[in-house]
Amino acid sequence: RVCARRSRERIAMSSPPPSPTPRMSESEGEDLFADNMADDYQPVPELDTLEGEPGITGEDAAELTAEQRAAAEAEMNQRDRGTKRRYEETQDEEDGGQGRRRMSRRIEQEDDAFDDDDGLDSLTDFKITPGQPLPDQVARAIKRSFERFLLEFRRKGETEATYHDVIARMAEKYSQSLPVRVEDLVEYNTRLVLQLAEFPSVLLPLLHEAALDVVHSQYPTYDSKSEVFVRLVDFPVEDKIRSLRGVNVNTIVHIVGVVTKRTLVLPELRELYVDCVKCGYRLGPFFITDSNDDVKPGDCPECGSRGPFKVNREDSLYRNYQKITLQEAPGSVPPGRTPRAKEVILTADLVDKVKPGDLVQVVGTYKIIYSTLTAVRNRFPVFDTVIEANNVVNRATTSLQRISDSDFDRLNDLATSRGIRAKIIRSIAPSIYGCEHAKTALCMAMFGGVAKQGDQGHRLRGDINVLLLGDPGCAKSQMLKYVEKSFHRVVYTTGKGASGVGLTASMKKDYATGEWTLEGGAMVLADSGLCLIDEFDKMNEQDRTSIHEAMEQQTISISKAGLVTTLHARCAVVAAANPILGRYDPQKTFMQNVDLTDPILSRFDVLCVLRDEVNAVNDERMADFIMASHMASHPTNPVTVKRLFATRESEDVMDQEDLQKYLLYARTLNPVASDAHTEVVNDFYAEIRRVAHASGGINIGVRHLESILRLAQANARMELREQVIQQDVNNAIATCLESFIQTQKYQVAEELRKRFARFLVRSDDDYELLHWLLMREYRAAVSMAMDMDQDTETVTVNRIDFARIAAEYEMATDDYLASSLFKEVFFLTGDNIRKITAV
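Residues numbered from 1 in each chain as written. Predicted model: local features only at pLDDT ≥ 70, side-chain atom pairs only at ≥ 80, totals over all residues. Heavy atoms only, no water.

Peer 1: Which residues make up the overall build of the protein, and what values go with them?
Peer 2: For the protein, the count of helices and strands is 31 helices and 24 strands. The burial tally for the protein puts 43% of its 839 residues in the buried class. In the protein, the proportion of contacts linking residues at least 24 apart, taken out of those at least 6 apart, comes to 71%. Within the structure as shown, the protein displays about 46400 Å² of accessible surface, and the carbon and sulfur contribution to it stands at 50%. (Helix = DSSP H or I, 4+ residues; strand = E, 2+ residues; numbered from the N terminus. Buried < 20%, exposed > 50% of the residue type's maximum accessible area, 1.4 Å probe, protein only. Contact = heavy atoms within 4.5 Å. Areas by Shrake-Rupley, 256 points an atom, 1.4 Å probe, with all protein chains shown as cover.)

Below, the structure written as structure tokens:
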């Protein structure tokens, strides 16, 4: 039948065109139902037979082989093209070629409309529908525009194409990700970005194809079977996980959260080949762009059957597939709400890019998938939602990358300035008055030491654990909250709200696969960061015992439900606790004041005791500091205050943003200690071991010797140094000694301060130490004057007595008395030192 139809068309086209007939009116039209109607169905013998051998019928032609049929079709197609060309030439001769030229001009105009730089403005004439292909002209225009963007776009101040080096680095590594800043794309073509945000499933594949063409044009040796994915960087709009709604479906979303679960890497079909079971013919490739695509091979071109078909697993191509669960960051959850989570699909080279506990930002397409289980649970057809990731970036690495070269130069200059260590300590929780030792300990935990890996596989932790123990109202929880807001990776929990499995790891059954999965707890999520535990004394003893391994070996061993594994928990633990009877009793030892066992206490590098003592001078200064802080921090009417007792602790502090950059930069350094410091450390360790055994306080062991080395490295990081110097060791010994002395009874503590006075270095700056000594003597003189009912405003400190006290520390006072630090608070009247009072 097909051959007969084509023969009729060929004869009709080869016959001369009929002569024009006079135009009839509607009343003179031909009657199709006249008596000669049957003549239209008369047989035509010359048209009802096939060309070639006589007597060949359609039944005989059906027995041709596939090769014979294909050859016959090719011959007829060639003959038809020749017939059509002769017919067009005949028509051109009749109308002078005007019709054909008009058609050619119209086609050329349509193609040229998308070849100029403003071709994308024509997108307003088309309606982009998700799931449906674009017109070819629009698709070509989008690809050409993006290719020109990659080849020609230059940022302000640059002389060469911005993405030339980016493509070169990608090709050198045979990577599949091409990062493109959305800001650059907006500057080049805003309309394309707007369309991309609304219809990513339609436009992103075009951008991927254009990027692959550019890479192949510049690097022909690039893997031809590979793919190139355009990764959107710095997407301007950020969404919250709990705010994703139906209007966000099939659009680009940008969310931030913590990775809580990660599946195995599985293969996903990219190009499918199938084999016909009847004849063995291979069909394909079928490109699968969406996981919801339903692949239908159709008819087999070899035997014409509709199946069955078998997947050809050898020739089919696969890509990596992984699913992670992203949960809202702890600091972003509204009060009284539970954190929301969303599943994210990672493909290609995005797999294994993040791990549980990482704070990441995801840019991807918000999609819906049908789930029978979800529909059954809700009793009506509903959909599950997932995010198909386009780009995943770790917030920790991103923060360090965003530090510019000028910031690095400024931080290095800041590290060499005088008194930088004291300035950093003052910048820790600047809204909290005093608590110098506790702030120093928090500072040490945030900077951290350097982990060591032994030759035999033994690992020594570098993180510094801190315990804050004190009376109620001493700002312990406030300090933890400050660290949570300031440090780049923190997990905050409380003793009552956390269990042993909540801190370490738990086993859960996956409702989709039915397999047991492992979910990390707070210490696993805080890997390479800080784990803050408030109300540490309220935890059950069994739960506290479960974190022994995590605090020292920094691993969590799991042997449950047939799963035996080990998780990393390389984090510093900062805990806050209250004494047994509510208030700390200085007449008792540390062990008698707290309900914690010796094994857990020995795992803390620094112990801080915060006591709410009654001191008239200190109370007045604290009250003035708090009032000034409240007035200056008023949300609607801030007041600039500078009161009498507003100390230097509220002034001369680092900007918090600069402090965060300083911390990120410092933690990349690995200071090295030398053998020159071993003698001082050995002498101190031997002496304090003897004193600890006789005083009845906390035990000093080998862990405390390792703590001194970690504290020394943290001090070196505070000044951005690669080498540990003697002053770092002195500061570490002073911090460790202060921690030991605070845990003793009052009488024993005073004796130990005198005995180890040579080790109690308050600062790396001599002026700071002398200033502290003078403030201590002044407070003692004020207390004595109040006991004798004398005027406190006329209290003075004898200059000679102050010089004698400074001599005990092998220090001179002349330069300090002439410094600006002294003149800000005191002044000299003869041989007496007097404090500046209000005018």
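Next, the rest of the story.
Peer 1: For a nonpolar patch on the surface, give the residues involved together with the corresponding values.
Peer 2: Taken together, the side chains of Ile-368, Tyr-370 and Phe-383 make up a nonpolar region of the molecular surface, amounting to roughly 310 Å² of accessible area. If you trace the backbone, Phe-383 turns up in strand β10 (residues 383-394). (Patch = residues over 30% accessible without salt bridge, like charges linked within 9 Å, V, L, I, M, F, W, Y side chains within 5 Å. Salt bridge = Lys/Arg side-chain N within 4 Å of Asp/Glu carboxyl O.)

Peer 1: Go over the state of the cysteines with me, naming the residues and quoting the values.
Peer 2: For the structure shown, the criterion picks out zero disulfides. This cysteine, Cys-608, is not joined by any disulfide, and Cys-435 carries the nearest cysteine sulfur, 9.4 Å off. (Disulfide = S-S within 2.5 Å.)

Peer 1: So what about the environment of Gln-726? Which residues, and what values?
Peer 2: Its place among the elements puts Gln-726 in helix α26 (residues 726-742). Taking the C-alpha atoms as reference, Gln-726 lies 8.9 Å from Ala-712; in sequence the two are 14 residues apart. When residues no more than four places from it in sequence are discounted, the contact partners of Gln-726 are Ala-676, His-677 and Val-680.

Peer 1: Give a description of the environment of Ala-211 that names residues and reports values.
Peer 2: Within the element layout of this structure, Ala-211 appears in helix α9 (residues 200-218). Expressed as a C-alpha distance, the spacing of Ala-211 and Val-230, which sit 19 residues apart in the sequence, is 7.1 Å. In this structure, Ala-211 is in contact with Phe-146, Leu-150, Leu-178, Val-228 and Val-230, ignoring residues within four places of it in sequence.

Peer 1: Outline the sheet that holds strand β17 (residues 530-534), listing residues and values.
Peer 2: Pairing in this open sheet of five strands is parallel, and the strands run β14-β17-β20-β13-β21 from one edge to the other. Whereas interior strands pair on both sides, the edge strands pair on one side only; in this sheet they are β14 (490-494) and β21 (606-610). When strand polarity is set aside, the average angle formed by the axes of neighbouring strands in this sheet is 15°. Note: β14 against β17, five bridges, orientation parallel. (Pairing = 2+ DSSP bridges. Axes fitted to C-alpha atoms, helices over the stretch in contact; angles between N-to-C directions.)

Peer 1: I'd like a rundown of the nonpolar core, residues and numbers included.
Peer 2: Core analysis: the biggest nonpolar cluster contains 104 residues, and Leu-467, Met-523, Phe-536 and Phe-590 have the highest contact counts within it. Element by element, the count of residues in this core is highest for helix α14 (residues 436-447), at eight residues. The residues touching Phe-536, leaving out its near neighbours within four places in the chain, are Leu-467, Arg-544, Ile-547, Ala-575, Ala-576, Ala-577, Leu-596, Ile-600 and Phe-604. Membership of the second largest hydrophobic core comes to 38 residues, among which are Leu-134, Ile-142, Tyr-163 and Ile-167. (Core = buried A, V, L, I, M, F, W, Y, C linked by side-chain atoms within 4.5 Å.)

Peer 1: Tell me about helix α23 (residues 656-666), and please be specific about residues and values.
Peer 2: Side chains three or four residues apart in an α-helix point the same way, a direct result of the helix having 3.6 residues per turn. The element α23 is extensively covered by neighbouring structure, given that eight of its eleven residues are classed as buried. Of all the residues in α23, the buried ones are Asp-658, Leu-659, Lys-661, Tyr-662, Leu-663, Leu-664, Tyr-665 and Ala-666. Where α23 begins, the side chain of Asp-655 points an oxygen toward the backbone nitrogen of Glu-657, at a separation of 3.2 Å. (Polar contact = N/O pair within 3.5 Å; in protein donor to acceptor, adjacent residues only side chain to side chain.)

Peer 1: I'd love a proper account of the sheet that holds strand β24 (residues 832-835), names of residues and values included.
Peer 2: Spatially, the three strands line up as an open sheet ordered β22-β24-β23, and their pairing is antiparallel. At either margin of the open sheet sits one strand with a lone partner, and together these are β22 (796-798) and β23 (826-829). Taken over all neighbouring pairs, the strand axes of this sheet differ in orientation by 30° on average, direction set aside. Bridge count between β23 and β24: four bridges; the pairing is antiparallel.

Peer 1: Describe the packing of aromatic side chains, with residues and values.
Peer 2: Taken as a whole and assessed by the stated rule, the structure comprises ten aromatic pairs. Among the aromatic residues, those joined into a cluster by ring pairs are Phe-146, Phe-149, Phe-153, Tyr-163 and Tyr-188. In this structure, Arg-155 packs its charged tip against the face of Tyr-163, placed 5.9 Å from the ring centre. Sitting above the plane of the Tyr-492 ring, Lys-481 keeps its charged end 4.0 Å from the centroid. (Phe/Tyr/Trp six-rings, centres within 6.5 Å; stacked < 30°, edge-to-face > 60°. Lys NZ or Arg CZ within 6 Å of the ring centre and 35° of its normal.)

Peer 1: Help me get a handle on the pattern of salt bridges, residues and values and all.
Peer 2: All chains considered together, the criterion is met by 35 salt bridges. Arg-611 is the partner of Glu-613 in a salt bridge, and the nearest nitrogen-oxygen pair spans 3.2 Å. The exposure class of Glu-613 is partly exposed, given its relative accessible area of 45%. One salt bridge connects Arg-721 with Glu-719, and the closest N-O pair in it is separated by 3.0 Å. For the pair shown, Arg-721 and Glu-719 are each scored as buried.

Peer 1: Please set out the pairing of strand β2 (residues 229-233) residue by residue, giving values where relevant.
Peer 2: Most of β2 is tucked away: four of the five residues are buried. Relative to β2, strand β1 (residues 177-181) runs parallel, the two being bridged by five bridges. The residue bridging Arg-181 from the neighbouring strand is Val-233, located in β2.

Peer 1: Which residues make up unusual backbone geometry, and what values do they have?
Peer 2: The omega angle of the peptide bond from Gly-284 to Pro-285 is 5°, so this bond is cis rather than trans. Looking at the secondary structure, you find Pro-285 in strand β5 (residues 282-287). The phi dihedral of Asp-234 falls on the positive side, at around 60°, and the residue is not glycine. Assessed through its relative accessible area of 38%, Asp-234 is described here as partly exposed. Even without a glycine there, the phi angle at Asn-250 is positive, about 65°. Mapping Asn-250 onto the fold places it in the loop between β2 and β3 (252-262). Asn-250 gets classed as partly exposed once you look at its relative accessible area, which sits at 31%.

Peer 1: An account of the packing of helix α12 (residues 405-415) against α23 is requested, with residue identities and associated values reported.
Peer 2: One can describe the packing of α12 onto α23 by two numbers: an axis separation of 11 Å at closest approach and a directional angle of 90°. The angle between the axes of α12 and α23 places the two elements in the roughly perpendicular class. On α23, the residues that touch Asp-407, Phe-408, Arg-410, Leu-411, Asn-412, Leu-414 and Ala-415 of α12 are Asp-658, Lys-661, Tyr-662 and Tyr-665. Grouping the amino acids of the contact of α12 with α23 by side-chain chemistry returns six nonpolar, one polar and four charged. (Parallel < 35°, antiparallel > 145°, perpendicular 65-115°, else oblique. Nonpolar A, V, L, I, M, F, W, Y, C, P; charged D, E, K, R; others polar.)

Peer 1: Explain the packing of helix α13 (residues 420-427) against α23 residue by residue, including any values.
Peer 2: Two elements in contact, α13 and α23, have axes separated by 11 Å at closest approach and are oriented at 115°. Viewed along their axes, α13 and α23 form a crossing whose handedness is left-handed. Taken together, the residues of α23 that come into contact with α13 (itself represented by Ile-420, Ile-424 and Ser-427) are Gln-656, Leu-659 and Tyr-662. (Left-handed = near helix turned anticlockwise from the far one by under 90°.)

Peer 1: Could you give an account of the side chain of Asp-275, with specific residues and numbers?
Peer 2: Inspection of the secondary structure assignment puts Asp-275 in strand β4 (residues 266-276). Of the side chains with opposite charge, Lys-310 lies nearest to the buried Asp-275, which makes no salt bridge, at 5.5 Å. If we ignore the near neighbours within four places in the chain, the residues touching Asp-275 are Tyr-281, Arg-282, Pro-308, Phe-309, Lys-310 and Asn-312. (Lys, Arg positive; Asp, Glu negative; His and termini not counted.)

Peer 1: An account of the confidence of the model for the protein is requested, with residue identities and associated values reported.
Peer 2: When pLDDT is averaged across the protein, the result is 78; 78% of the residues are at 70 or more. A low-confidence stretch, residues 17-27 stays under pLDDT 50, and its non-local contacts, those more than four residues away or across chains, total three contacts. Considering only residues more than four positions removed or in separate chains, one finds that residues 102-125, a stretch of pLDDT under 50, has 25 contacts. (pLDDT = per-residue confidence, 0-100.)

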